[in-house]
Amino acid sequence: MTTTAPDPGTSPTPGPGRQVSSSTARRRIAAPTLAMLPRIGDSLSFLYADVVRIVQDDTGVCAETTSADGDISRVYLPTSLVSCLLLGPGTSITQPALTTFARHGTTVVCTGSGGVRCYSATTPDSLTTRWLERQVHQWSDTERRLAVAQQMYLMRFTTKVPATTPLNKLRGLEGQRMKALYKLLAQQHGIGRFRRAYDPAAWDDQDPVNLALSSANTCLYGIVHSALVALGCSPALGFVHQGKQHAFVYDLADLYKAELTIPLAFSLHDSPQPERDARRAFRKELRLFKLLPRIVHDVQTLLAPEETEAVPESQTAQLVNLWDPEVGSVPAGTNYAVSEE
């Protein structure tokens, strides 16, 4: 069944005497306009929607679609259970609906198709700063930052590498790993010698594999970015990369390229439109609900390796405290003036 996006400037309502059953509405929106993704990590749930209009009515927040013959279908969204709402292409959202999501502590992210790009995001005031504070704690100290950077390299290797290996040697081992992977995939696809080249100034002169790889990597960056925003982390504070607003995004994406984007790019070595085909194949084969839990788990493991207890169910902060260098935090909203005798 095909659906069309409602006019963002209108607020459609059912025609006289027309009723849409709940089961019919769910069937119409379930695929491909609305896909519920399972809970990831210990506390986050993601909801992805595209080609829908999200509105607030007297009952709650619902996703509306309008078919070619004018039928309107509605599915009500569990606003209090969703930690992150991903809005794909063809989606519009009203201000009252956005206010409701903010009130429930839901992060709203505007993404590309399938959630593969992150264009902008809004984070609620109630989103906990737990993981941002962990990130800053690890990043702000040279020794702790080095430990995280080393761990990010070690996570890429299938063979055991001593944890005490210096960072410069880890970079060399990573370079050897990538060369070996490129050589293996080039032999498998019979394309001869391959060299990774990324030159924005001569974009059209690149071979299909490089074009496909750049396109697929862009999609991967968007998914990682969305996960970081939902966690409340800063995409700019990287441990391996630095100097750009997406440094931490690049750090994490490098953990998955050898498994996800590089083999895909080589499979498109004879494609006449490698960029387009890479985006489509990535969306089709990625299985977003499998990558998101992995990203969240890896972020939490890297930023809090010493923690053994489960992450709290809620990602919202109920109280604001004052920082104290000795005890960690003290209650806010308290007058600490010393009373005079």
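Scroll up a little and you will see the structure.
Right, let's walk through the structure included here. Since this is a predicted model, take the numbers as computed values, not measurements.

### Thoughts on the overall build of the chain
So, step 1. Helix and strand content of the chain: 10 helices and 12 strands.
So, step 2. A burial count over the chain gives 44% of its 341 residues as buried.
So, step 3. Long-range contacts, defined as pairs at least 24 residues apart, comprise 62% of the intrachain contacts of the chain with a sequence gap of at least 6.
So, step 4. Of the roughly 18600 Å² that the chain leaves accessible, carbon and sulfur atoms contribute 53%.

### Regarding the pattern of salt bridges
Pairing of side chains with opposite charge becomes possible as their charged atoms draw close.
So, step 1. This model, assessed by the stated rule, comprises eight salt bridges.
So, step 2. A salt bridge links Asp-277 to Arg-276, with the nearest nitrogen and oxygen atoms 2.9 Å apart.
So, step 3. The network of salt bridges with shared partners includes Arg-156, Glu-174, Arg-177, Asp-254 and Lys-257.

### Remarks on the packing of aromatic side chains
The description of an aromatic ring pair rests on the distance of the ring centres and on the angle between the ring planes.
So, step 1. Throughout the structure, instances matching the rule amount to five aromatic pairs.
So, step 2. With a centroid separation of 5.1 Å and 70 degrees between ring planes, the pair formed by Tyr-182 and Phe-194 is classed as edge-to-face. One end of the pair, Tyr-182, is in helix α5 (residues 167-189); the other, Phe-194, is in the loop between α5 and α6 (208-231), with 12 residues separating them in the sequence.
So, step 3. A relative accessible area of 12% places Phe-194 in the buried class.
So, step 4. Three or more aromatic residues joined by ring pairs make a cluster, and in this case those are Tyr-182, Phe-194 and Phe-266.

### Details of the packing of helix α4 (residues 142-154) against α5
Axis angle and axis distance: for two packed helices, these are the angle between their axes and the distance between the axes, and together they describe the pair.
So, step 1. The contact between α4 and α5 brings their axes to 10 Å, and the two run at 20 degrees. On the basis of the axis angle, α4 is roughly parallel to α5. Crossing geometry of α4 relative to α5 is assigned as left-handed. Across the interface between the two elements, Leu-146, Ala-149, Gln-150, Tyr-153 and Leu-154 of α4 pack against Leu-167, Leu-170, Arg-171 and Glu-174 of α5.
So, step 2. Classifying every residue of the contact of α4 with α5 gives six nonpolar, one polar and two charged.

### Considering the side chain of Glu-174
So, step 1. When you line up the elements, Glu-174 lands in helix α5.
So, step 2. Residue Glu-174 is classed as buried on the basis of its relative accessible area of 10%.
So, step 3. A polar contact is formed between the side chain of Glu-174 and the side chain of Arg-177, at a distance of 2.9 Å.
So, step 4. Leave out the neighbours within four places in its chain, and Glu-174 touches Tyr-153, Arg-156 and Phe-157.

### As for helix α9 (residues 274-286)
Because each turn of an α-helix spans 3.6 residues, side chains separated by three or four positions end up pointing in the same direction.
So, step 1. For α9, built from 13 residues, the straight-helix expectation of 18 Å at 1.5 Å per residue is met to within 8% by its first-to-last C-alpha distance of 17 Å.
So, step 2. Within α9, burial applies to Pro-274, Asp-277, Ala-278, Ala-281, Phe-282 and Leu-286. Looking straight down α9, one finds its buried side chains confined to an arc of 135 degrees; they lie on one side.

### Details of the nonpolar core
So, step 1. Ranked by size, the top nonpolar core spans 55 residues in total, and within it Leu-252 and Phe-282 carry the most contacts.
So, step 2. When residues in this core are grouped by element, the largest group, 13 residues, is from α6.
So, step 3. Residues Leu-47, Val-52, Leu-87 and Val-108 belong to the second largest nonpolar core, which totals 13 residues.

The rules behind the values
Residues numbered from 1 in each chain as written. Predicted model: local features only at pLDDT ≥ 70, side-chain atom pairs only at ≥ 80, totals over all residues. Heavy atoms only, no water. Helix = DSSP H or I, 4+ residues; strand = E, 2+ residues; numbered from the N terminus. Buried < 20%, exposed > 50% of the residue type's maximum accessible area, 1.4 Å probe, protein only. Contact = heavy atoms within 4.5 Å. Areas by Shrake-Rupley, 256 points an atom, 1.4 Å probe, with all protein chains shown as cover. Salt bridge = Lys/Arg side-chain N within 4 Å of Asp/Glu carboxyl O. Phe/Tyr/Trp six-rings, centres within 6.5 Å; stacked < 30°, edge-to-face > 60°. Axes fitted to C-alpha atoms, helices over the stretch in contact; angles between N-to-C directions. Parallel < 35°, antiparallel > 145°, perpendicular 65-115°, else oblique. Left-handed = near helix turned anticlockwise from the far one by under 90°. Nonpolar A, V, L, I, M, F, W, Y, C, P; charged D, E, K, R; others polar. Polar contact = N/O pair within 3.5 Å; in protein donor to acceptor, adjacent residues only side chain to side chain. Expected span 1.5 Å × (residues − 1). Arc of directions from axis to C-beta. Core = buried A, V, L, I, M, F, W, Y, C linked by side-chain atoms within 4.5 Å.

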